[in-house]
Amino acid sequence: MGSLFISLLPYIIGSAIVPVQIIVGLLLLQSPYQGILKAGAYVSGMTLTRLLQGVIFGVVLAGPAVAAQEGSGKNGIISTLLMVLGILLLITAYKKWRGADDPDAPPPKWLILLEQATPAKALGIGVGLPLIAAKLWVFTLSALATIAAAQLGQPASAIAFLLFVILAEVFLWLPIGMRVLRPKSSQPLLQRIADWLISHNREIIVVISLIFGLWFLASGISGLAA
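Each chain has its residues counted from 1, running along the sequence as written. Residue-level local features of this predicted model are given only where pLDDT is at least 70; pairs of side-chain atoms are given and counted only at 80 or more, and the full residue set underlies all totals for whole chains, interfaces and linings. Excluded from the side-chain calculation are hydrogens and water; included are all heavy atoms of the structure.

So, about the packing of helix H1 (residues 2-16) against helix H8 (residues 154-168). Following both chains from N to C, one finds H1 and H8 inclined at 35°, their axes separated by 9 Å at the closest point. In terms of crossing hand, the pair formed by H1 and H8 is right-handed. Residues Leu4, Phe5, Leu8, Tyr11, Ile12, Ser15 and Ala16 of H1 lie in contact with H8, whose contacting residues are Ala160, Leu163, Phe164, Leu167 and Ala168. Tallied by class, the residues present in the contact of H1 with H8 amount to 11 nonpolar, one polar and no charged. Only C-alpha atoms enter the line fits that serve as axes; for helices the fit covers just the stretch in contact. Angles between N-to-C directions range over 0 to 180 degrees. Secondary structure counts use DSSP, requiring at least four H or I residues in a row for a helix and at least two E residues in a row for a strand, with both numbered from the N terminus. Left-handed describes a crossing whose near helix is turned anticlockwise from the far helix by less than a right angle; the clockwise case is right-handed. Any pair of residues with heavy atoms lying within 4.5 Å of one another is described as a contacting pair. Here the term charged refers only to Asp, Glu, Lys and Arg, the term nonpolar to Ala, Val, Leu, Ile, Met, Phe, Trp, Tyr, Cys and Pro, and the term polar to all other amino acids, Gly among them.

On to the confidence of the model for the chain. Values of pLDDT, ranging from 0 to 100, describe the predictor's confidence in every residue of the model. Scored by pLDDT, the chain comes out at a mean of 82, with 85% of its residues at no less than 70. Predicted confidence in the chain is weakest over helix H5 (residues 108-113), with a mean pLDDT of 63, and strongest over helix H9 (residues 170-181), with 94. Under a pLDDT of 50 for its full length, residues 67-74 has, in the predicted model, six contacts with residues more than four places off or in other chains.

As a further point, take the packing of aromatic side chains. Working definition: rings of Phe, Tyr and Trp (its six-membered ring) pair if their centres are within 6.5 Å, and the pair is stacked with planes under 30 degrees apart, edge-to-face with planes over 60 apart, and tilted otherwise. Taken as a whole, this structure holds six aromatic pairs when the rule is applied. Aromatic side chains Tyr11 and Phe216 sit 5.6 Å apart centroid to centroid with 20° between the ring planes, which places their arrangement in the stacked category. Here Tyr11 is found in helix H1, whereas its partner Phe216 is found in helix H11 (residues 201-225), with 205 residues between them in sequence. Overall, Tyr11 belongs to the buried group, its relative accessible area being 4%. Among the residues examined, Phe216 registers a relative accessible area of 1% and is labelled buried. Ring plane angle 35° and centroid distance 5.7 Å describe the contact between Phe212 and Phe216, whose orientation is recorded as tilted. On the criterion of helical spacing, the pair formed by Phe212 and Phe216 is a turn pair, its members being four residues apart in helix H11. For each residue, the accessible area found with a 1.4 Å probe, counting protein chains only, is set against the maximum for its type, and the residue is called buried under 20%, exposed over 50%, and partly exposed in between.

Written out as structure tokens, the structure is:
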């Protein structure tokens, strides 16, 4: 399990620091009415989608992973997913560097309307965001393929994926915990963080996409060439 966690760590970090999901969560949390409830509903929706992805695609990827392990010992699925993720991130870095909008980012009008969203709508946003954000899709599928290739058995694999989901959402649940434990003192800090993420969103995406893109592309190519 320890070696599996190390293999999952890049996907965990990549999923956790996608700026748009953090910005949406902070804006919902800063809503003047039912902010904590809205943010909780939003993160719960993301968790629900990720768990459904784990149930559906965990089964789909398990068979090919076992076949690869019993054959050449190499898992082409993981390497291919790494290459796709690397190319996707490098394309995102280039487009963002050229000034194009992030393809996973919601429209600015949506960001403005987040403060008026109801808890039910916040839940829907959480359910939908992992489905429309390509980078989140590939991070999750890569994690599932890695877990399937480890062949830990169903209970251990489920625990490993649940750990991935929890850690991938740590920067979403942490601000909610801060608001619950320190409702007044945490609000200015969280607002400054949200403002900073919004104002530096372009630079953050370029750096993150470039670093992880090169890492995953190199890992995928070396896996296929091995």
